[in-house]
Amino acid sequence: MKFFIDTANIEKIRYFAEMGIIDGVTTNPSLIAKEGKDIKKTIEEISLIVDGPISAEVVSEDADGMVKEALELSQIHENIVIKIPMTKEGIKATHQLALKGIKVNMTLVFSPAQALLAAKAGARYVSPFVGRLDDISSSGLDMVLQIREIFDKYDFDCQIIVASIRHPLHVVDAARMGADIATIPPAVLEKLFDHPLTDIGLERFKKDWETVFG
């Protein structure tokens, strides 16, 4: 399974990219706004760090506006993937962009039916939001499993990006279900490294070494 990092923070992207565990980056209007930088400049900086898909999201609500934004964003770098919201206008825009050879990441997906529509319209990726479904007492990971079953049965050329990840178990379960990608916030990436027995083992090794060798 590939790991994308879900942030627009250049320092955090560089930090994890240097470990060799980052295959791509996802951003959205909120993450870009949080950094207070121009979207074009931000995406250009990211492209110098990560040689993989970089999702940049449109903000228009109509298909024509989405397509216009997408064409502009796609000129920033060859690795740009356009994030389009799961709406009727978004589906329309996705179809038009797919015909132009522009990769689309359909975002804000909350059901297998929406993922199926996105795949049929030509989306290259779908992003089911597992954490937000969990927040309303629905199983986000069950949705991922159903999407996986549908895509496998009909051999759609569309990859599943598990999004809205809240904790390490989301990552592990997504991998077990066969999700293609997990897009993970930096705070959750940090937690993937941690285990109390690792810390205890390191401390014990250190003490044993110092006991003999000072």
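Computed from a predicted model, the values in this text were never measured in an experiment.

1. Things to note about the overall build of the chain
Tallying secondary structure elements over the chain gives 11 helices and eight strands in all. Structurally, the chain occupies a C-alpha span of about 70 × 40 × 30 Å along its principal axes. Pairs at least 24 apart in sequence give 56% of the contacts found in the chain among residues at least 6 apart. Surface summary for the chain: the accessible area is close to 11500 Å², and the carbon and sulfur share equals 52%.

2. With respect to the layout of surface pockets
For the largest pocket, the calculated volume is near 520 Å³. As for the largest pocket, its lining consists of 25 residues, and the residues nearest its centre are D6, N28, S30, L31 and R132. Taken together, the elements giving at least two residues each to the lining of the largest pocket come down to α2 (29-35) and β5 (104-109). Among the elements that take part in the lining of the largest pocket, α2 stands out by supplying five residues, more than any other. Considering only residue class, the lining of the largest pocket consists of eight nonpolar, nine polar and eight charged.

3. A short note on a negative patch on the surface
Residues E61, D62, D64 and E89 make up a contiguous surface patch of negative charge. In this fold, E89 is placed in helix α5 (residues 88-99). Among the residues examined, E89 registers a relative accessible area of 31% and is labelled partly exposed.

4. Focus on the side chain of N28
Tracing the sequence through the fold places N28 in the loop between β2 (24-26) and α2. Engagement of the side chain of N28 in a polar contact is seen with the backbone nitrogen of S30, the distance being 2.9 Å. Setting aside residues up to four positions removed in sequence, N28 forms contacts with E57 and K83.

5. Section: a nonpolar patch on the surface
Residues Y15, M19, L192 and F193 make up a contiguous nonpolar surface patch of roughly 360 Å² in combined accessible area. We classify F193 as partly exposed; its relative accessible area is 47%.

6. Notes on the environment of E72
Topologically, E72 is positioned in helix α4 (residues 63-73). Take E72: its relative accessible area is 52%, and that puts it in the exposed class. Separated by 32 residues in sequence, E72 and K40 have C-alpha atoms that sit 9.5 Å apart.

7. A short note on the packing of α4 against α5
Remark: α4 packs on α5, axes separated minimally by 8 Å, with the N-to-C direction vectors making an angle of 45 degrees. When the axis of α4 is compared with that of α5, the two are oblique. Every pair of crossing elements has a handedness; the one defined by α4 and α5 is right-handed. Judged by residue contacts, A63, M66, V67 and A70 of α4 engage E89, G90, K92, A93, Q96 and L97 from α5. Per-class residue counts for the contact of α4 with α5 are six nonpolar, two polar and two charged.

8. So, the environment of R204
Structurally, the position occupied by R204 is in helix α11 (residues 196-213). Sequence-wise, R204 and S30 are 174 residues apart; in three dimensions their C-alpha atoms are separated by 44 Å.

9. Overview of the packing of aromatic side chains
All chains considered together, the criterion is met by five aromatic pairs. Between the aromatic rings of Y15 and F16, the centroid separation amounts to 4.8 Å while the plane-to-plane angle is 80 degrees, which identifies the pairing as edge-to-face. Taking relative accessible area as the criterion, Y15 reaches 41% and is therefore assigned partly exposed. For F16, a relative accessible area of 2% corresponds to the buried category. Arranged with centres 5.6 Å apart and planes meeting at 55 degrees, the rings of F110 and F129 form a pair that is tilted. One end of the pair, F110, is in the loop between β5 and α6 (112-121); the other, F129, is in the loop between β6 (125-128) and α7 (130-135), and 19 residues separate them in sequence. The exposure class assigned to F110 is partly exposed, which follows from its relative accessible area of 30%.

Calculation notes
Residues numbered from 1 in each chain as written. Predicted model: local features only at pLDDT ≥ 70, side-chain atom pairs only at ≥ 80, totals over all residues. Heavy atoms only, no water. Helix = DSSP H or I, 4+ residues; strand = E, 2+ residues; numbered from the N terminus. Contact = heavy atoms within 4.5 Å. Areas by Shrake-Rupley, 256 points an atom, 1.4 Å probe, with all protein chains shown as cover. 1 Å grid on protein atoms, 1.4 Å probe; cavity = no way out; pocket = protein on both sides within 12 Å on 5 of 7 lines; lining within 4 Å. Points joined across faces, edges and corners; volume = space filled by probe spheres on them. Nonpolar A, V, L, I, M, F, W, Y, C, P; charged D, E, K, R; others polar. Patch = residues over 30% accessible without salt bridge, like charges linked within 9 Å, V, L, I, M, F, W, Y side chains within 5 Å. Salt bridge = Lys/Arg side-chain N within 4 Å of Asp/Glu carboxyl O. Lys, Arg positive; Asp, Glu negative; His and termini not counted. Charge placed at Lys NZ, Arg CZ, Asp CG, Glu CD. Buried < 20%, exposed > 50% of the residue type's maximum accessible area, 1.4 Å probe, protein only. Polar contact = N/O pair within 3.5 Å; in protein donor to acceptor, adjacent residues only side chain to side chain. Axes fitted to C-alpha atoms, helices over the stretch in contact; angles between N-to-C directions. Parallel < 35°, antiparallel > 145°, perpendicular 65-115°, else oblique. Left-handed = near helix turned anticlockwise from the far one by under 90°. Phe/Tyr/Trp six-rings, centres within 6.5 Å; stacked < 30°, edge-to-face > 60°.

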